[in-house]
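Coordinate analysis (summary)
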Amino acid sequence: MDFTFSEEQQAAAEAARGVFADVAPDAVPSPALTTGAVADTFDRALWARLADADLLSLLSAEEYGGAGLDAVALCLVLRESAKVLARVPLLENSAAMAAVQAYGGPELRAELLERAGRGEIVLTVAASGRTGHDPAELAVTARQEDGEGADWILDGVQTAVAWAYDADYVLVPAHTATDRTVLALVPRVHEGVASAEQFSTSGERLGELRLESARIAARDVIDVEGAWEWLRDLLITGTCALALGLGERVLRMSSEYTSKREQFGFPVATFQAVAVQAADRYIDLRAMEVTLWQAAWRIASGAPGTLPVAGDVAVAKIWASEGVRRVVQTAQHLHGGFGADVDYPLHRYHAWAKHLELSLGPAAAHEEALGDLLAAHSLG
């Protein structure tokens, strides 16, 4: 079996490294010194460069001006973006575009995909639910008025919507009276739609999305079984890729620092206690990596397995949420007080890591979900 990435996937990662090469992780004020958001919007200049490099249309089919690549390629690009704390809605925009392409109607695809791939419009996803702990699809109700092709009416609240004040459209999961889940494309500026400011640990502005009898045209609602579950798995796997890239950069920062910092006339990296801690974090990162690629490959290929794709995604979440926390905590310990210096970027990585950890949720919950899947599916 060949486990190497394809030429196209490697080319996407190489293009991403080129685009992100000159991105500074400390280009905005420190979240530790800022009340509110660190910036009014995301990095628009970087967004334009990503569009020019065709990295916004990575998953779109050629007929929509895209490269026609898969979730593995997207995760490779996201991994690179996290190494420099790139302030762009790349994951949310790409995942929403992929869902529209896979499950949306032809009119919706024609309206959105090419424009989003060129960076002309920005999409995001409401995926945190009402409180951040409950299923996102239960936070909003959707009912369709009588008649074929009639409008849908949405009511409810979604919390912690990433880039809610920057996106042109929010893809919102909602449940119907018949326990179906639909995906509604909600314009940011629309009657019955309002947002309240929230802030992440990384200092980015989030939004509490409030829907009060918001009327959405039928063509902008995806009513296909499995669409939300597929989108949710892609978002989670992409978040695991961000955690991996961030963790890899933090471990490299720790290696560089401990190789230069001396105690008793020797670099602290030569001390056994330091080396053992760094080695443990390296093992965490390799486990995060292998479980990430397994989940991304299942999503990309649609290959059957003993467990549903949700099982592989749960394993990736377990390692990512625990692993990224351990990596940044060890880095802070090895850096000593220097790790908290606001003139040094490590504290920014710590803040972003905490945001990713909270987004993924506690490992114990994913272990419980994995246990339920194992109980429901025979491994024999």
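First, a word on what this report is: a plain description of the structure on this page. (Residues numbered from 1 in each chain as written. Predicted model: local features only at pLDDT ≥ 70, side-chain atom pairs only at ≥ 80, totals over all residues. Heavy atoms only, no water.)

Quick notes on the nonpolar core
Quick note on the threshold: We call a set of buried residues a nonpolar core when its members are Ala, Val, Leu, Ile, Met, Phe, Trp, Tyr or Cys and they connect through side-chain atoms within 4.5 Å of each other. For each residue, the accessible area found with a 1.4 Å probe, counting protein chains only, is set against the maximum for its type, and the residue is called buried under 20%, exposed over 50%, and partly exposed in between. By the criteria applied, helices consist of DSSP H or I runs no shorter than four residues and strands consist of E runs no shorter than two, each listed in order from the N terminus. What makes two residues a contact is simply this: any of their non-hydrogen atoms within 4.5 Å.
Judged by nonpolar contacts, the single largest core of 90 residues is most densely connected at Phe20, Leu50, Leu231 and Leu246. Looking at which element gives the most residues to this core, the answer is helix H6 (residues 227-260), with 15 residues. Leave out the neighbours within four places in its chain, and Leu231 touches Ala95, Ala96, Ala99, Val125, Leu171 and Leu183. Counting residues in hydrophobic clusters, the runner-up holds 20 residues, among them Val140, Val161, Val193 and Ile216.

Quick word on the side chain of Ser57
Following the sequence through the fold, Ser57 ends up in the loop between helix H2 (44-52) and helix H3 (71-83). Every residue in contact with Ser57, bar those within four places of it in the chain, is listed here: Gly65, Gly66, Ala67, Met97 and Gly117.

Remarks on the packing of helix H7 (residues 272-301) against helix H8 (residues 309-335)
The cut-off we apply is this: Helix axes are fitted only over the stretch in contact, all axes being lines through C-alpha atoms; the angle between N-to-C directions runs from 0 to 180 degrees. What sets the label is the angle itself: under 35 degrees gives roughly parallel, over 145 gives roughly antiparallel, 65 to 115 gives roughly perpendicular, and the rest give oblique. Working rule for handedness: look at the near helix, and if it is turned counterclockwise from the far one by less than a right angle, call the crossing left-handed; if clockwise, right-handed. Gly falls in the polar group here, along with every residue not listed as nonpolar (Ala, Val, Leu, Ile, Met, Phe, Trp, Tyr, Cys, Pro) or charged (Asp, Glu, Lys, Arg).
Taken N-terminus to C-terminus, the directions of H7 and H8 make an angle of 155°; their axes are 8 Å apart at the nearest point. With respect to H8, the axis of H7 lies roughly antiparallel. Regarding H7 and H8, the two cross each other, and that crossing is left-handed. Its residues assigned to classes, the contact of H7 with H8 shows 16 nonpolar, 6 polar and 5 charged.

What about the environment of Ala217?
Topologically, Ala217 is positioned in the loop between strand S7 (205-216) and strand S8 (221-222). Measuring from C-alpha to C-alpha, the distance between Ala217 and Leu285 comes to 45 Å, with 68 residues separating the pair along the chain.

A look at helix H4 (residues 90-103)
Threshold: What a helix should span is 1.5 Å times the count of its residues minus one.
For H4, which comprises 14 residues, the first-to-last C-alpha distance of 20 Å matches the rise-based estimate of 20 Å (1.5 Å per residue) to within 8%. For H4, a buried count of 11 out of 14 residues is recorded, marking the element as mostly surrounded by other parts of the structure. When we look at burial in H4, the residues that qualify are Leu90, Leu91, Glu92, Asn93, Ser94, Ala95, Ala96, Met97, Ala98, Ala99 and Val100.

Notes on the environment of Ala364
Tracing the backbone through its elements, the reader meets Ala364 in helix H10 (residues 363-376). Judged by relative accessible area, which is 52%, Ala364 ranks as exposed. Along the backbone, Ala364 and Val313 are 51 residues apart, and their C-alpha atoms lie at a distance of 14 Å.

Here's the deal with the pairing of strand S6 (residues 193-199)
Quick note on the threshold: Between any two strands, at least two bridges found by DSSP are needed for them to pair.
Two strands pair when backbone bridges link them, and S6 and S7 are joined in this way by 7 bridges, in the antiparallel orientation. Within S7, the residue paired with Phe199 across the bridge is Arg205. In textbook terms, the turn of a hairpin is the stretch between consecutive antiparallel strands, and for S6 and S7 this stretch comprises 5 residues, one of which, Gly203, has a positive phi near 90°.

Comments concerning the packing of aromatic side chains
What counts, and what does not: Put simply, two rings from Phe, Tyr or Trp (the six-membered ring, in Trp's case) pair if the centres are within 6.5 Å, and we call them stacked under 30 degrees between planes, edge-to-face over 60, tilted for the rest. Consider the ring centre and the ring normal. A charge sits over the ring if Lys NZ or Arg CZ is within 6 Å of that centre and within 35 degrees of that normal.
Under the definition given, this model contains 4 aromatic pairs. Ring centres 5.9 Å apart and planes at 85° place the aromatic pair Phe42 and Trp163 in the edge-to-face group. Pair noted here: Phe42 is in the loop between helix H1 (7-20) and H2 and Trp163 is in the loop between strand S3 (152-162) and strand S4 (169-175), with a separation of 121 residues, a long-range link. For Phe42, a relative accessible area of 2% corresponds to the buried category. Considering the side-chain rings of Tyr103 and Trp230, the 5.9 Å spacing of their centres and the 65° angle between planes classify their relative orientation as edge-to-face. With a gap of 127 residues between them, Tyr103 in helix H4 and Trp230 in helix H6 connect regions that are remote in the sequence. Feature note: the residues Phe42, Trp47 and Trp163 constitute an aromatic cluster, connected by ring pairs. Above the ring of Tyr165, the side-chain terminus of Arg205 is found at 4.2 Å from the ring centroid. Of note, Arg286 hangs over the ring of Tyr282, and the distance from its end group to the ring centre comes to 5.0 Å.

A look at unusual backbone geometry
You will see that Asp54, though not glycine, has its phi angle at about 60°, which is positive. For Asp54, the position within the fold is in the loop between H2 and H3. Backbone geometry at Trp163 places phi at a positive 60°, although glycine is not the residue there. The class of Trp163 is buried, set by a relative accessible area of 10%.

Here we look at the environment of Gly119
Examined against the element boundaries, Gly119 turns out to sit in the loop between helix H5 (106-117) and strand S1 (123-125). Once residues within four sequence positions are removed from consideration, Gly119 is found in contact with Trp47, Ala51 and Leu56.

Quick look at H2
One turn of an α-helix holds 3.6 residues; hence residues three or four places apart share an orientation. To keep things clear, this is the line we draw: Taking the helix axis as origin, the arc is that swept by the directions to the C-beta atoms. Polar contacts, as counted here, are pairs of nitrogen or oxygen atoms within 3.5 Å of one another; within protein the pair requires one atom able to donate a hydrogen and one able to accept it, and residues that are adjacent in sequence qualify only if both atoms are side-chain atoms.
Listed in full, the buried residues belonging to H2 are Leu46, Trp47, Leu50 and Ala51. Buried positions in H2, seen along its axis, are confined to an arc of 145° and lie on one side of it. Taken together, the buried residues of H2 touch H1, H4 and H5. N-cap assignment for H2: the residue whose side-chain oxygen lies 3.4 Å from the backbone N of Ala45 is Asp43. Two residues or fewer after H2 comes Asp54, characterised by a positive phi angle close to 60°.

Section: the pattern of salt bridges
Put simply, the rule reads: We define a salt bridge as a side-chain nitrogen of Lys or Arg found within 4 Å of a carboxyl oxygen belonging to Asp or Glu.
For the structure on display, the rule yields 28 salt bridges. Across the pair Glu111 and Arg115 runs a salt bridge whose closest N-O atoms are separated by 3.0 Å. Of the two residues, Glu111 and Arg115 are both situated in helix H5; the distance of 4 residues between them amounts to about one turn of the helix. The class of Glu111 is partly exposed, set by a relative accessible area of 30%. Judged by its relative accessible area of 28%, Arg115 falls in the partly exposed class. A salt bridge links Arg180 to Asp223; the shortest N-O distance between them is 2.8 Å. Residue Arg180 is found in the loop between S4 and strand S5 (181-187), and its partner Asp223 is found in the loop between S8 and H6; the two are separated by 43 residues along the sequence. Exposure remark for Arg180: the relative accessible area of 35% places this residue in the partly exposed category. Residue Asp223 is classed as partly exposed on the basis of its relative accessible area of 37%.

Spatial relationships are all this shows, so hold off on functional conclusions.
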